[in-house]
Amino acid sequence: MAEPETEAAADAPLYLRVAAALREDLAHRRISPGSRLPSERSLSMRYHVNRQTVRSALQLLRDERLVVTDRRGTFAAAGAGGEPAAPALTARRPSFPGGPRAAEALVRATLTWEPPPTPLTARLQLAPGEPTLVHRHVVLGPHGSALQRAVSWFSRPALTEIPQLARYRRGRDCWQQPDLRLLYHWMHQAGLRITHRESVGVPPGPATTTAGGAARLLVHRVVSDQHGHALEITDIDFSAQSAAWTYEFSA
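Residues numbered from 1 in each chain as written. Predicted model: local features only at pLDDT ≥ 70, side-chain atom pairs only at ≥ 80, totals over all residues. Heavy atoms only, no water.

## Brief notes about the pattern of salt bridges
Phase 1 of the analysis: Overall, the coordinates contain eight salt bridges when judged by the stated rule.
Phase 2 of the analysis: In this structure, Arg51 and Glu40 form a salt bridge, with 3.5 Å as the shortest nitrogen-oxygen distance. Of this pair, Arg51 sits in helix H3 (residues 51-63) while Glu40 is found in helix H2 (residues 40-47), placing the two residues eleven residues apart along the sequence.
Phase 3 of the analysis: For Arg51, a relative accessible area of 40% corresponds to the partly exposed category.
Phase 4 of the analysis: Several salt bridges share partner residues, and in doing so they unite Glu40, Arg51 and Arg55 into one network. (Salt bridge = Lys/Arg side-chain N within 4 Å of Asp/Glu carboxyl O. Helix = DSSP H or I, 4+ residues; strand = E, 2+ residues; numbered from the N terminus. Buried < 20%, exposed > 50% of the residue type's maximum accessible area, 1.4 Å probe, protein only.)

## Points about the pairing of strand E2 (residues 73-76)
Phase 1 of the analysis: By the bridge criterion, four bridges tie strand E1 (residues 67-70) to E2 in an arrangement that is antiparallel. Each residue of the ladder has a partner; that of Val67, found in E2, is Ala76.
Phase 2 of the analysis: Linkage of E1 to E2, two consecutive antiparallel strands, is achieved through a turn of two residues. (Pairing = 2+ DSSP bridges.)

## Some thoughts on the environment of Tyr15
Phase 1 of the analysis: Inspection of the secondary structure puts Tyr15 in helix H1 (residues 14-27).
Phase 2 of the analysis: A C-alpha to C-alpha distance of 9.9 Å links Tyr15 and Tyr47, two positions 32 residues apart in sequence.
Phase 3 of the analysis: Not counting the four nearest positions on each side in its chain, Tyr15 is found in contact with Thr53, Ser56, Ala57, Leu60, Leu182, His185, Trp186 and Gln189. (Contact = heavy atoms within 4.5 Å.)

## Side note on unusual backbone geometry
Phase 1 of the analysis: Positive phi is not limited to glycine here, since Arg29 has a value of about 60°.
Phase 2 of the analysis: Inspection of the secondary structure puts Arg29 in the loop between H1 and H2.

## Considerations on the environment of Asp237
Phase 1 of the analysis: Its location among the elements puts Asp237 in strand E9 (residues 230-239).
Phase 2 of the analysis: For Asp237, a relative accessible area of 22% translates into the label partly exposed.
Phase 3 of the analysis: When the C-alpha atoms of Asp237 and Val219 are compared, they prove to be 6.6 Å apart, with 18 residues separating the residues in sequence.
Phase 4 of the analysis: Apart from residues no more than four positions distant in its own chain, Asp237 is found in contact with Leu147, Gln148, Arg149, Arg216, Leu217 and Leu218.
Phase 5 of the analysis: A polar atom in the side chain of Asp237 sits 2.3 Å from the side chain of Arg216. (Polar contact = N/O pair within 3.5 Å; in protein donor to acceptor, adjacent residues only side chain to side chain.)

## Describing H2
Phase 1 of the analysis: The set of residues buried in H2 consists of Leu43, Ser44 and Tyr47. Projected down its long axis, H2 shows its buried positions confined to an angular sector of 100°, all on one face. Facing away from the buried side of H2, by more than 90 degrees, are the exposed residues Arg41 and Met45.
Phase 2 of the analysis: At its buried positions, H2 is contacted by H1 and H3.
Phase 3 of the analysis: His48 sits one or two residues past H2 and shows a positive phi near 60°. (Arc of directions from axis to C-beta.)

Take a look at the structure:
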C-alpha cells in the first residue's frame with residue numbers, strides 16, 4: 001500500500017494525506033474491488049496517525065463512493081479500481097455550497113462577520129445583535145447570470161468546535177473566495193455526528209420563476225450535531241431548470 005506523499009504541503013490535513021494514499025491504492029488495484037481494507041488500527045499504525053484521522057480519511061472515501069462500510073468492515077467499492085460501479089440506490093449526500101462539484105471559474109463566495117436575521121439568533125445560540133460568520137455563495141451561468149444563491153450562518157457551537165472555522169475569527173472581516181468545500185469533513189473530523197434537514201419550497205408571491213421563465217426553488221437547510229444543536233443554517237435559491245438537488249438519508 002502506498003505511503004502518504006512526502007512532498008505534500010506541510011500544513012495539509014493528515015486525513016487528506018491518508019485518503020490520498022488509499023485512493024492511489026484503489027486506483028492502481030493494490031486494493032482490489034470488493035476486497036476488505038485493513039482495520040482502522042492497522043491503518044493508524046501504518047500511517048503513524050490516530051484512529052480519528054483514519055476515520056476521517058475513510059469518511060472522505062465513502063463520500064466519493066470509493067469504499068463502503070458495513071458491520072463486517074470497510075471494502076473497496078465495485079468501481080473503485082476502474083470498473084463500472086453499480087447504480088447507486090441513494091442520491092448523493094448534500095454538499096456545502098461551493099463543494100467539490102462546483103466549477104471554480106463560475107463561483108463567487110465571500111465570508112463576513114455580521115449578525116444573523118433576528119429569527120435565527122436563538123437557534124444559532126447567539127445573543128441579540130451578536131455577529132457570527134456568514135458565508136455567501138453565488139453560482140454564475142456562462143453569461144454571468146446567477147443560477148444559484150446561498151447564504152449560510154454559523155452557530156456559536158460550530159465556531160467553538162470546528163478549528164478550521166474558528167480561524168476565520170482572526171484577521172480581516174471579509175474573505176474573498178473562502179475555501180469551505182471540506183466543511184462537513186471538518187465537522188466529522190471534530191467528532192461531530194451531523195444531521196442534515198432540508199425543506200424545499202417555492203418563493204412566496206408572484207416571483208416564482210426566473211427572468212428566463214425557469215421555476216425557482218428555495219431550500220432551507222439546518223445541519224445539527226448529535227445533541228440537536230444547530231451548526232449551520234443555509235438558505236439556497238436556485239433555478240430548477242439549471243440545477244438539481246439530490247439527497248442521501250442515513251438511519
